[in-house]
Amino acid sequence: MNTMPSRPPKRVLALAVAAILLPSSLAAQEGGEFPMPVIEVIGKSDDAVSRQTGSVVLIDREALELIQPLSTDDALRRVAGINTATEDETAIVANLGIRGLSASESKSLILEDGVPVAPGLFIGNERYFNPRIQRVERIEVLRGPQGTLYGRNTIGGAIKYVTRRLDPDAPSLTARLNVGSYGQLDQIVSGSMPLGDTFRVGGSVANLQRDGFGDNLTTGEENYDKDVLGYRVSAEWEPTADLFFRLAYDNVEDSSNARGGHRLLATPATYPTAYPVLSDVFDTRAGLDVVDQSVESDGLALTAEWNINENWTLRNVLSQRQDDSTTPIDFDNLPEGDLDVPAIYTNEQTSEELQLLYEGDRLAGVIGYYSLEANATTVFDVLLDNVLAGLNAQTFGDVDTSTWSIFGNFTYDLTDTISVTLGGRYTEDERTSQVLRRTYLGGFSEYFGGAGFAIATTSDFLGTNSWDDFSPTVSLAWQPSSSNNFYFTYSQGFKGGGFDPRAQSTAAPDLNGNGIGLTTNGVADSEDIFEFMSFDPETVDSFELGWKYQGGSYSHAVAVFHMDYTDIQVPGSVGTDTDNDGVNDTFTGVTTNAGAATITGIEYEGTLDLGSDVFTGGDSLNLAWSLGILDGNYDEFINAFGVDISGQVEIQNTPEATLSTTLSYMTPFAGGDLNAQATVSYRGDSSQFEIPFPALDQEAYSLWNASVVWDSENGAWQLGLHGRNLTDEEYRVSGYDFV
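Rules used in this analysis
Residues numbered from 1 in each chain as written. Predicted model: local features only at pLDDT ≥ 70, side-chain atom pairs only at ≥ 80, totals over all residues. Heavy atoms only, no water. Helix = DSSP H or I, 4+ residues; strand = E, 2+ residues; numbered from the N terminus. Buried < 20%, exposed > 50% of the residue type's maximum accessible area, 1.4 Å probe, protein only. Contact = heavy atoms within 4.5 Å. Areas by Shrake-Rupley, 256 points an atom, 1.4 Å probe, with all protein chains shown as cover. Salt bridge = Lys/Arg side-chain N within 4 Å of Asp/Glu carboxyl O. Phe/Tyr/Trp six-rings, centres within 6.5 Å; stacked < 30°, edge-to-face > 60°. Lys NZ or Arg CZ within 6 Å of the ring centre and 35° of its normal. Core = buried A, V, L, I, M, F, W, Y, C linked by side-chain atoms within 4.5 Å. Pairing = 2+ DSSP bridges. Patch = residues over 30% accessible without salt bridge, like charges linked within 9 Å, V, L, I, M, F, W, Y side chains within 5 Å. Lys, Arg positive; Asp, Glu negative; His and termini not counted. Charge placed at Lys NZ, Arg CZ, Asp CG, Glu CD. Arc of directions from axis to C-beta. pLDDT = per-residue confidence, 0-100.

**A closer look at the overall build of the chain**
Summing up its helical and strand segments, the chain has 6 helices and 37 strands in all. Per-residue burial for the chain yields a buried fraction of 55% across its 739 residues. In the chain, the share of contacts with a sequence separation of at least 24, taken over all contacts with a separation of at least 6, comes to 68%. Accessible surface computed for the chain: about 29,700 Å², of which carbon and sulfur atoms make up 56%.

**A closer look at the pattern of salt bridges**
Counted according to the given criterion, the structure contains 9 salt bridges. For E140, the salt bridge goes to K160, with nearest N and O atoms at 3.3 Å. Remark: K160 occurs in strand 9 (residues 157–162) and E140 occurs in strand 8 (residues 138–143); sequence separation between them is 20 residues. Residue E140 shares its accessibility class with K160, and that shared class is buried.

**Let's talk about the packing of aromatic side chains**
Using the criterion set out here, one finds 21 aromatic pairs in the structure. Taken together, the ring pairs connect W478, F486, W547, Y549, Y554, Y604 and W625 into an aromatic cluster. Lying over the aromatic face of F244, R165 brings its terminal NZ or CZ to 3.6 Å of the ring centre.

**A short note on the nonpolar core**
Counting residues in each nonpolar core, the largest one holds 15 residues, and the members touching the most others are Y565, I568, I599, Y634 and F637. By residue number, the principal contributor to this core is strand 30 (residues 554–576), which donates 5 residues.

**Describing the pairing of strand 23 (residues 392–413)**
Looking along a regular strand, one sees side chains alternate from face to face of the sheet. Of the strand pairs in this sheet, strand 21 (residues 363–380) and strand 23 are connected by 18 bridges, and their pairing is antiparallel. When the sheet's bridge partners are listed, V379 is paired in strand 23 with F396. Across 22 bridges, the pairing between strand 23 and strand 24 (residues 418–441) is antiparallel. The partner of V399 across the bridge, within strand 24, is S433.

**Digging into the environment of S702**
Tracing the sequence through the fold places S702 in strand 35 (residues 701–712). Each C-alpha atom, one on S702 and one on S660, is 9.3 Å from the other, the two residues being 42 residues apart in sequence. The residues touching S702, leaving out its near neighbours within four places in the chain, are S681, Y682, T727 and E729.

**Quick look at unusual backbone geometry**
For Y224, which is not glycine, the phi dihedral falls at a positive 70 degrees. Relative to the elements of secondary structure, Y224 occurs in the loop between strand 14 (222–223) and strand 15 (226–237). If you check the backbone angles, D613 has positive phi at about 50 degrees while not being a glycine.

**Focus: a negative patch on the surface**
Among the surface-exposed residues, E253, E296, D324, E348, E373, D400 and E430 lie close enough to one another that they form a single negatively charged patch. The exposure class assigned to E373 is partly exposed, which follows from its relative accessible area of 46%.

**Describing helix 6 (residues 526–533)**
Among the residues making up helix 6, those that are buried are D528, I529, F532 and M533. Viewed along the axis of helix 6, the buried residues span an arc of 120 degrees, placing them on a single side of the element. More than 90 degrees from the buried face of helix 6, the exposed residues found are S526 and E527.

**A look at the confidence of the model for the chain**
Here the chain averages 82 in pLDDT, while 81% of its residues score no lower than 70. Per-element confidence in the chain ranges from a low mean pLDDT of 29 for helix 1 (residues 24–32) to a high of 96 for strand 13 (residues 214–215). The low-confidence segment residues 87–93 (pLDDT under 50) makes 34 contacts with residues lying over four places distant or belonging to another chain. Between residues 118–130, whose pLDDT stays under 50, and residues either more than four places distant or in other chains, the model counts 64 contacts.

**Overview of the environment of G617**
Tracing the sequence through the fold places G617 in the loop between strand 31 (586–612) and strand 32 (620–637). Here the alpha-carbon distance between G617 and P668, two residues 51 residues apart in the chain, equals 8.2 Å.

**Considering a nonpolar patch on the surface**
A cluster of nonpolar side chains, namely L173, V189, V205, L229, Y231 and V233, defines an oily patch on the protein surface of about 420 Å² accessible area. Looking at the nonpolar patch, the element that brings in the most residues is strand 15, giving 3 residues. With respect to the helices and strands, V189 occurs in strand 11 (residues 184–194).

**Side note on the environment of A557**
Following the sequence through the fold, A557 ends up in strand 30. The partly exposed category is assigned to A557, whose relative accessible area is 22%. Here the alpha-carbon distance between A557 and T607, two residues 50 residues apart in the chain, equals 9.5 Å. Dropping the residues within four chain positions of it, A557 is found in contact with W547, K548, E603, Y604 and E605.

**Description of the pairing of strand 21**
Most of strand 21 is tucked away: 13 of the 18 residues are buried. By the bridge criterion, 17 bridges tie strand 20 (residues 338–359) to strand 21 in an arrangement that is antiparallel. In the sheet register, Q355 faces strand 21, and the bridge partner there is G368. Linkage of strand 20 to strand 21, two consecutive antiparallel strands, is achieved through a turn of 3 residues.

The structure is reproduced here in structure tokens:
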């Protein structure tokens, strides 16, 4: 059995120094006066978050500066209902799940400045889109289905990363240096320059370095190191007060070493070489080195906004993104070639969104059109030397996605205290998939520099399927006073269907009952193969009741929700009869709509001002907390033998309780402000897989982070000391059952 430890799993200390290298008044304007980029749902008014008829969390730049998160997913760990599980392949990859949904599946949408990323072949967009935290101005989290505003793959919700507009009046330059334990050295520089009254350019670059927490004893490389370079450049043109254009390009490249896991058990006596369990969980013996770890992602986006008049605004976002990843995945984490998987992933997409927004005295809303064309290609080998020297099972997959939708969402104030929101989105979704699976001898294939040759084809499939969906939403809000907002929301969401690239077309049974089939009489039946390879969308109906309160020293947001899932896509295996004797003698991977589940939960977030002038004049003491309670169960879960095992399975990587509490203290110091924070977060027991596996599952644990940050009075300098995981807690982020 193998497991991947946490990151950062050991005590980590970092010293951060930031300098505004041009006059501080300019930087103050950049952070405060100028509006955020154009794609917004929450709005810009001071009470916009509290007035939302739904569960919304906003993490602004001030909060990000104080906590100095290592990444965007690190910042999101403080939000109730967010499940983060760092991926085991690369330093810039993160898995994000919302409200009990698995962080390993594409059920939540991630956007940066309104631009979504299409799910890949084996991966969802929430896994391979983790933008650099250094360029993020704020993070908006919308929990619960967002099908009306964002369409497919928003069952859990949407997470929006928002970057700032450039300063139109004066140049600015900011530099930050982070120095920490394990050789951490981060260099971040950003700036902008107006080139006239209406045009300005800007950019940022981040070079992030850190030594490994352990060593690869086979290759000699460091394990769990970080080597990331990212940059973003943008140009903005504002010819009039009512017209705005932005062209932005970003690129991030991760050259960190491949991350090897830790074996929990020694090799069995029958294994060719005896390997005891390593004493350091951050060391590894993984020996796959036919390819180097490499991840590169870039994107180009053109945003336009026209304020037609005081009521109407027209917005358009045209974007193109692509990423290329090469990764060696050594599942057994041993020098031998047993379950060694080198893989190549490439994804590209072009999207277009047009919005027409209206804001009147009582009515406000948006109507729009969205389209996306995307392609995802994957190829990987599976070397099985311990079964037969040079045996290799290769999978090649290519998926084209074409989708478009029209949507509308409007809120009408029935009275001064009661409002109703109605919305709907119609989507047409089409996918074309090629799946080619072949058996090789002679080792790795030509894709990975090997001399292997194909001896058999176990799957050769090409198919197209299409679906349509209408996702409605309705909300009723009552705001009896400026301090209280009560709401009820019903919404629907769906995750798109597709084809399973793991499935073998040669294993398709006689599903249509016509007596013809590869596993029945050796004759291919195209209907059976199509049905066997494909799976339909899954849907959810969500009901939420909430109360938001903002008082003098206390505020909170409480949400109670119930989510009912049908046709859940269950990746699994089915029995296959290869010799037509009526007995299943092997298995093949396949995704089916074999599940149904319900999730009920409570989210409680709040802040409390504990007082001012507590210890000295001008100081303040504050407490903030975030609590999430979930009760999720499968109502149906059909296994490979057609048996409902819903009573034996759990929702993957989903603790019943999460809690984060932060105590903050601010006091005038040395001509500036000194901010001290201590955060304790708790995560309950969770299961690595649907079927519990105690040897790999993660028990409940707590983490303690703390920071002290000083800001100069004019805002030109910032000095911070940050400590993470101060109790040296070790915890697992993933695992595999390969003995």
